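If you want the building blocks of each chain, they are given just below.
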Amino acid sequence: MKTMKTTLLALTAASIAILPGVASAAGCGIDAAGEVNVLMNFFPVLELLDKEMQECATDKLKIVNKLTTDHRGELKNMAEASVSPFDAAHVANATITPLQAKGQLLPLNDLVAKYGGTLEDQMLIRFGDQIMAVAFMANAEHLFYRKDIFDQLGIAAPKTWDDVLAAAEKIKAAKVVEYPFGAAYKTGWELGNVFIDLYLAHGGELFDPATGDQAFDNDAGLATLQLMKSLGSYMSPNALAIDFAA
């Protein structure tokens, strides 16, 4: 019942002129000159990354990172511009694929070979033989439960989604709380993310490995939708407005 989402850093096609500076700055003890500009999403771990990068700045090396809440829109504009003010960008699972499909990323094989001695192989995000991004973090998703309510009603900690549904039904019947289950079901990205997590947990594959066609119109996909509907019946009527910031 736990899934992981990687977060990536990729170089765009506009960054080729500054790549030596980017790589040299990574050691923070190597003499480098120039300017590095990175487009980042705005959330705490990237604020930390920005802070660490700023410590690499010197009189000869300027580091300018833009953290923005409109990251997806600015990333699209950055990638499609003939001349971009950014040399690299933070991307995620949902944003790297369209960039790669349009040929808007640069392979990192040569840089990884030269500077990536401490990188683990699972951090290298490949499309075929080309390393197109480096993963630097992963988000762990968790299921939380109210131990006091579970203890009160004699419910064991759930180990399966069937257990979750049974616990929700028992809590609902006892009228301890009005809505015994909650999740980020906001229409759009959050709801799609829930579907993918549960679909993969059902053993489904998103794409046919032979053709690349979508492969979720199947029994696993139907079972996923049925589970989402069942969970939704224990949620607030406002569930489709609840996002990850709620």
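Scroll up a little and you will see the structure.
A. Region of the structure containing the packing of helix 7 (residues 161-174) against helix 9 (residues 219-232). At a minimum axis distance of 10 Å, the contact between helix 7 and helix 9 shows a crossing angle of 25°. The angle between the axes of helix 7 and helix 9 places the two elements in the roughly parallel class. The two elements helix 7 and helix 9 cross, and the hand of that crossing is left-handed. Contacts from Trp161, Val164 and Leu165 in helix 7 reach Leu227, Ser230 and Leu231 in helix 9. Partitioning the contact of helix 7 with helix 9 into residue classes produces five nonpolar, one polar and no charged.

B. The packing of aromatic side chains, seen in detail. Taken as a whole and judged by the stated rule, the model has four aromatic pairs. Relative to Phe181, the ring of Trp161 lies with its centre 6.5 Å away and its plane at 80°, an arrangement referred to as edge-to-face. Residue Trp161 is located in helix 7, and its partner Phe181 is located in the loop between helix 7 and helix 8 (189-201); the two are separated by 20 residues in the primary sequence.

C. Local environment of the nonpolar core. Counting 16 residues, the largest nonpolar core has Phe181, Tyr185, Leu198, Met228 and Leu231 as its most contacted members. Within the residue set of this core, elements represented by two or more residues are helix 7, helix 8 and helix 9. Leu198 has contacts with Trp161, Thr224, Leu227, Met228 and Leu231, leaving out every residue within four places of it along the chain. Grouped together as the second largest cluster of nonpolar side chains are 14 residues, Leu39, Leu75, Met78 and Leu99 included.

D. Geometry of the environment of Asn41. By the element assignment, Asn41 lies in strand 2 (residues 34-41). A relative accessible area of 24% places Asn41 in the partly exposed class. The spacing of Asn41 and Ala89 is 48 residues in sequence and 8.8 Å in space, taken between C-alpha atoms.

What counts, and where the lines are drawn
Along every chain, residues carry numbers that run from 1 in the direction the sequence is written. Note on the predicted model: pLDDT of at least 70 is required for a residue's local features to be given, and 80 or more for side-chain atom pairs to be given and counted; whole-chain, interface and lining totals, by contrast, use all residues. The basis for the side-chain values is all heavy atoms of the structure; hydrogens and waters are excluded. In this analysis an axis means a line fitted to C-alpha atoms, helices contributing only their contacting stretch, and an angle means the value between N-to-C directions, from 0 to 180 degrees. By the criteria applied, helices consist of DSSP H or I runs no shorter than four residues and strands consist of E runs no shorter than two, each listed in order from the N terminus. The scheme is simple: roughly parallel for angles under 35 degrees, roughly antiparallel for over 145, roughly perpendicular for 65 to 115, oblique for anything else. Should the near helix be turned anticlockwise from the far one by less than a right angle, the crossing is left-handed, and should it be turned clockwise, the crossing is right-handed. Here, residues are in contact when the closest pair of their heavy atoms is within 4.5 Å. Gly is placed with the polar residues, together with every amino acid not listed as nonpolar (Ala, Val, Leu, Ile, Met, Phe, Trp, Tyr, Cys and Pro) or charged (Asp, Glu, Lys and Arg). Two aromatic rings from Phe, Tyr or Trp, using only the six-membered ring of Trp, form a pair when their centres are within 6.5 Å; if the ring planes differ by under 30 degrees the pair is stacked, by over 60 it is edge-to-face, and anything between is tilted. Residues grouped as a nonpolar core are buried Ala, Val, Leu, Ile, Met, Phe, Trp, Tyr and Cys residues, joined through side-chain atoms within 4.5 Å. For each residue, the accessible area found with a 1.4 Å probe, counting protein chains only, is set against the maximum for its type, and the residue is called buried under 20%, exposed over 50%, and partly exposed in between.

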